[in-house]
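# Architecture and fold: a report
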Amino acid sequence: MKNTFSFELQKTDGAARTGVIRTPRGEVRTPAFMPVGTAATVKAMMPESVAETGADILLGNTYHLMLRPTAERIDRLGGLHRFMNWDRPILTDSGGFQVMSLSGLRKLTEDGVTFKSHIDGSKHVLSPETSMEIQRLLGSDIVMCFDECPALPADKSRIADSMRLSMRWADRSRAAFGDRPGHALFGIQQGGLEEDLRAESAEALQQIGFEGYAVGGLAVGEGQEAMFGCLDFAPGQLPVDKPRYLMGVGKPDDIVGAVKRGIDMMDCVLPSRSGRTGQVFTRHGVVNIKNARHADDPRPLDDTCRCPACRNYSRAYLHHVFRSQEMISGMLLTWHNLTYFQDIMQGMRAAIAAGTFDAWEADFHAGRAAGDI
Ligand SMILES: O=c1[nH]cnc2cc3nc(NCc4cccs4)[nH]c3cc12
């Protein structure tokens, strides 16, 4: 096993790209969707089931794991991969975003963020240096820079100041990360929806040099049109030969539109969180299994889907166990949604490799208009 991290761009079709990220813990086929494993578990899923959906890599959250069970405890127990029984690659977010969206009583300074735990009110500090140390203790393969994601809407000067702080933090993250063969540090582009600020951010990150580059600051309520408008220029401002990771995205049509615009990696809680709330994604659109119209329906969710929910159960059964709040409901619907999301990724990888992405995209959108779901 070579102790190296590399990205091979294999084919492009318009702005869409397909390739492979090679890490000591295995390969990640791109475009890739990362299921979210916030508290060292993809909720309601066994790790081997997550692997069966086709996921090559998971996302873990620094913020949650530093609070509980702590990174030190996970390190003592052999690292996050051993702890959660997932031996493939893991990417960890750096915690800055979660602090701002989850913890109360926080204070942001040039040094970093001090905050109180949303679990027990204990006091903590996150900075570029402490975030790098926590992610090192966790043992994640891809580490994210410690950044600040400004809440939208915000005026341009506020966005510029926030982006420039994040660039100073990116520099400190790089310095604190050190020399870690086989591991990667990704920079995070900020700058809101402003093309000039995003260009300044991209230039600053490239001067520092990273193994991959994320498009941050999006999927924070701006809406799909504004996000796509930003993605029409932001990925192209980043190095062509490194992975481009769009954070926190998204619905199936968001994912397709992002890949179309040059994004290689994404993560989102949507398929797993929705699985627990009865929202089911299918190629004909969204099914809300709670709806009474499913109570007697003997059909599977999708008779072309390979997942256990579609192979072995009727909509009537899935409706029943959801209404009864049985644990198997969250398990089966999460398994289905994650499978559906991975099948979208596999469909796009194959279409880009064949040079037929436009036809694949047209079929994807036509299927959702068909109705009768
Ligand atoms: O700029 C970012 N920096 C570091 N992590 C992020 C995570 C992100 N997740 C979303 N959207 C998905 C959401 C998850 C929870 C609230 S919104 N947008 C995001 C932006 C960033």
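## Digging into the site of the ligand
Taken together, D93, F97, D147, C149, Q190, G216, G217, L218, A219, V220, M247 and G248 make up all the residues around the ligand. Contacts to the ligand include D93, whose side-chain N or O atom sits 3.0 Å from a nitrogen atom. The separation between an oxygen atom of the ligand and a polar side-chain atom of Q190 is 3.0 Å. Compared with its free state, where it exposes 460 Å², the ligand has 76% of that area covered by protein. Of the residues assigned to the shell around the ligand, the class counts are 6 nonpolar, 4 polar and 2 charged.

## Section: the sheet that holds strand 14 (residues 265–268)
One open sheet accounts for 8 strands, arranged 4-14-13-12-11-10-6-5; its pairing is parallel. Taken across any chain shown, the strands that pair with only one partner, and hence form the sheet edges, are strand 4 (32–35) and strand 5 (58–61). The sheet shows a mean angle of 25° between the axes of neighbouring strands, direction not considered. Packed onto the sheet, helix 14 (residues 327–354) meets strand 4 and strand 14 and runs at close to 165° relative to strand 4.

## Thoughts on the sheet that holds strand 3 (residues 26–30)
Read across the sheet, 3 strands follow the order 1-2-3 without closing on themselves; strand pairing throughout is antiparallel. Here the strands that pair on one side only, and so sit at the sheet edges, are strand 1 (6–13) and strand 3. The sheet shows a mean angle of 10° between the axes of neighbouring strands, taken without regard to direction. Bridging between strand 2 (residues 16–23) and strand 3 involves 5 bridges; their strand directions are antiparallel. Across the sheet, residue V20 finds its bridge partner in strand 3, namely R29.

Conventions adopted
- Residues numbered from 1 in each chain as written.
- Predicted model: local features only at pLDDT ≥ 70, side-chain atom pairs only at ≥ 80, totals over all residues.
- Heavy atoms only, no water.
- Near = heavy atom within 4 Å.
- Polar contact = N/O pair within 3.5 Å; in protein donor to acceptor, adjacent residues only side chain to side chain.
- Areas by Shrake-Rupley, 256 points an atom, 1.4 Å probe, with all protein chains shown as cover.
- Nonpolar A, V, L, I, M, F, W, Y, C, P; charged D, E, K, R; others polar.
- Pairing = 2+ DSSP bridges.
- Helix = DSSP H or I, 4+ residues; strand = E, 2+ residues; numbered from the N terminus.
- Axes fitted to C-alpha atoms, helices over the stretch in contact; angles between N-to-C directions.
- Contact = heavy atoms within 4.5 Å.

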